[in-house]
Amino acid sequence: MDMVQSRDGQALSIGVVLVLVVALIAAVGFSAPSDAKESAAATSGKGLSGFADKAALDAFTRKMARLERRIMVTAELVMSAPPAYAVADVAEPEADAAPAAESITNTQEAGVDEGGIVKQAGDYLVILRRGRLFTVRIGGDALAPAGMVDAFPPGKKDPGDTWYDEMLIHERQVIVIGYSYGSDGTEINRFDIAADGKLAYRDTHYMRSGDYYSSSNYASRLIGDELVVYTPVYANWAKLEDSLPAIRKRSPYARPVPLVKPQDFMVAEPYRSGRYPLDTLHTVTRCKLSAGFECRASAIAGTWSHAFYVSAEAVYVWTGVADDPSFEEGRGVPGQLYRIPLAGGTPGAVQVSGSPIDQFSFAEDAGAGVLRVLLRGEGGGDGMWEGEVSGGSVALASVPFARFGNGEERLAQADYRTLPEPKGWRFQNRFVGDYALYAAGNYRSEEETGKVYAVPLGGGAVQEIAIPHGVTRFDRMGNDAIAIGPARGDGLGFSALSMGSTPRLEHFHILAAAGEGETRSQAFFFRPDPGSTDGTSGLLGLPVTRGSVRDGGEFLGSGSAITFLRREQRKLSPLGELAAASGISESDNCKASCVDWYGNARPIFTGGRVFALMGYELVEGQLSGSAITERRRTSFAP
């Protein structure tokens, strides 16, 4: 299990990991939606509350410590008991606000930015790669490297023990999120970007946590000036003080500051008895970037299995079944779905069955006051590579906000809709418009199962749409959807799906002798044409690979080109590719984060211009008629 829950080793075979996860699912039972006793709503009418004070939390901790000793918890987890952490209060320097820019990130939710590898700050693109930050000037029709700095603090003794994964930008702040196996914690580094594109280190904060990595999800979000970070922490109930989320500022004079008060320590009502094994504290930390980096956190006691989703209104955390096969008393309690409102209000929880695959299994409809979740009967959430493997039945759960109570009540059976079960253990899903889409296949043979299921959210028959290729990605094109995946004969298929009153395949294109270069959602981007608000016309880009690649290479970035397609009145046509230069050396004296866990290629659309980011190259394209050609390129290699 070390290979499934850790990435601290570069000789990792992603293909082997997927086989291991398949074996794990076969060996462990997960609860599918059932006819167990239920209640339509929490009878108390109250939400979820933490503990009144430290004494109440200590009493619960003693129960859990006794349970730990009784069942002899020996599961190997990526998280070990971390050292004491601290924080120092330091006044923030004032910075001029950067001009607002259009988003170049393909995000799940409008207004909720996600940590990524490339962002725009005014006239500059900021790129995070292999432990360094780079800036490239694109303003004023320029294309030139402008700055470079290590993504880790100056003077750090062993930067190689940390993976620097995600980046966000708020005004003139560049925020880098990483995970350190050396200090068992999440590292947040901040830099300032000057008017000339130069980067200057500002500060570092360390948060006690386990590795947040997910092959599909992102650990960080940015909503306005608030940074939201999800991290799991191993629950050492015998020494809970060593497990409780805490933060320290990188300073020799820092003082210990916990992030979670007893009132913010959430345990669903069924788990308060101390009968059920809970090995993980799922922590949601929120930090104000314009107020001295003031942070607060909520900790949710649950199992390792988890999925994390952020809407503009709330943070949702699903935790899996509290089930230990060696401990009969602790079996059979369903997982929990938690809701933490972002604008204040009482958090809530409800018992749920089944497992979401990843963040795209969730969709909040704030106007209707409901959260919808696609579930499979067997799965482990989206931690590490768990989201790549699932099985069993499929259901759509509709969770009214009123159902979120103290976690004692079970979501009513009427709130689940049983759906057709697809063939395959690699499951893809996405909510687009008034539909939930899903498909499945088996790794390296997805092309054998070319079928998309479209579920009307308002009720009605599920539509089965035959397409000429498999599905490894769903995304949006305005009001419609696109399905992308392997086609027979070593091709890559693109199918435009109309999401009108009757979902259907509208048009498709097969790119010959090509494969998907990356699996990350941000690797795809669709830009609608001016005036085409419904997306019936526009331009899309995606990293692709030519020729054979190593097993699992698409998880780490194997794109050798960015391919572009035009959508004109819902018809797809190829425009061509912007390719990486051959023979470029990767001898960059890499000191940290020397594996591209989040990929290394992105299509970029900004200010009417088109770029292809590939490794250390940025290529600008030029659209002319029905083709895209290279206008110029630059290398920002160190």
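Residues numbered from 1 in each chain as written. Predicted model: local features only at pLDDT ≥ 70, side-chain atom pairs only at ≥ 80, totals over all residues. Heavy atoms only, no water.

Here we take up the overall build of the chain. When its secondary structure is counted, the chain shows 3 helices and 42 strands. Contacts in the chain between residues far apart in sequence, at least 24 positions, make up 63% of those at least 6 positions apart. When the accessible surface of the chain is split by element, carbon and sulfur atoms take 49% of a total near 23200 Å². (Helix = DSSP H or I, 4+ residues; strand = E, 2+ residues; numbered from the N terminus. Contact = heavy atoms within 4.5 Å. Areas by Shrake-Rupley, 256 points an atom, 1.4 Å probe, with all protein chains shown as cover.)

As a further point, take the state of the cysteines. On inspection of all chains with the given rule, the structure shows 2 disulfides. Shown here is the disulfide that connects Cys287 with Cys295, its sulfur atoms set 2.1 Å apart. With the S-S dihedral at roughly 115°, the linkage between Cys287 and Cys295 falls on the right-handed side. Relative accessible area serves as the criterion here: at 23%, Cys295 is assigned to the partly exposed category. Note on cysteine connectivity: Cys590 is disulfide-linked to Cys594, with sulfurs 2.0 Å apart. (Disulfide = S-S within 2.5 Å. Buried < 20%, exposed > 50% of the residue type's maximum accessible area, 1.4 Å probe, protein only.)

A word on the sheet that holds strand 41 (residues 617-624). Paired through their backbone hydrogen bonds, the strands of a sheet run either parallel or antiparallel. The 4 strands lie next to each other as 39-40-41-42, forming an open sheet whose pairing is antiparallel. Edge strands, defined here as strands with exactly one partner in the open sheet, are strand 39 (601-606) and strand 42 (627-635). Across this sheet, the average inter-strand angle for adjacent strands is 25°, counted without regard to direction. Note that strand 41 and strand 42 share 8 bridges and pair antiparallel. (Pairing = 2+ DSSP bridges. Axes fitted to C-alpha atoms, helices over the stretch in contact; angles between N-to-C directions.)

Moving on, we come to empty space enclosed by the protein. Tallied over the full model, the rule gives 7 cavities of 30 Å³ or more. Along the walls of the largest cavity sit 19 residues, with Ser216, Asp358, Gln428, Thr472 and Thr519 positioned nearest its centre. The set of elements that each furnish at least two residues to the lining of the largest cavity consists of strand 26 (426-432) and strand 30 (473-477). The leading source of residues in the lining of the largest cavity is strand 26, at 5 residues. In the lining of the largest cavity, the residues fall into 4 nonpolar, 8 polar and 7 charged. (1 Å grid on protein atoms, 1.4 Å probe; cavity = no way out; pocket = protein on both sides within 12 Å on 5 of 7 lines; lining within 4 Å. Points joined across faces, edges and corners; volume = space filled by probe spheres on them. Nonpolar A, V, L, I, M, F, W, Y, C, P; charged D, E, K, R; others polar.)

In short, the description is geometric, and any link to function would need to be established separately.
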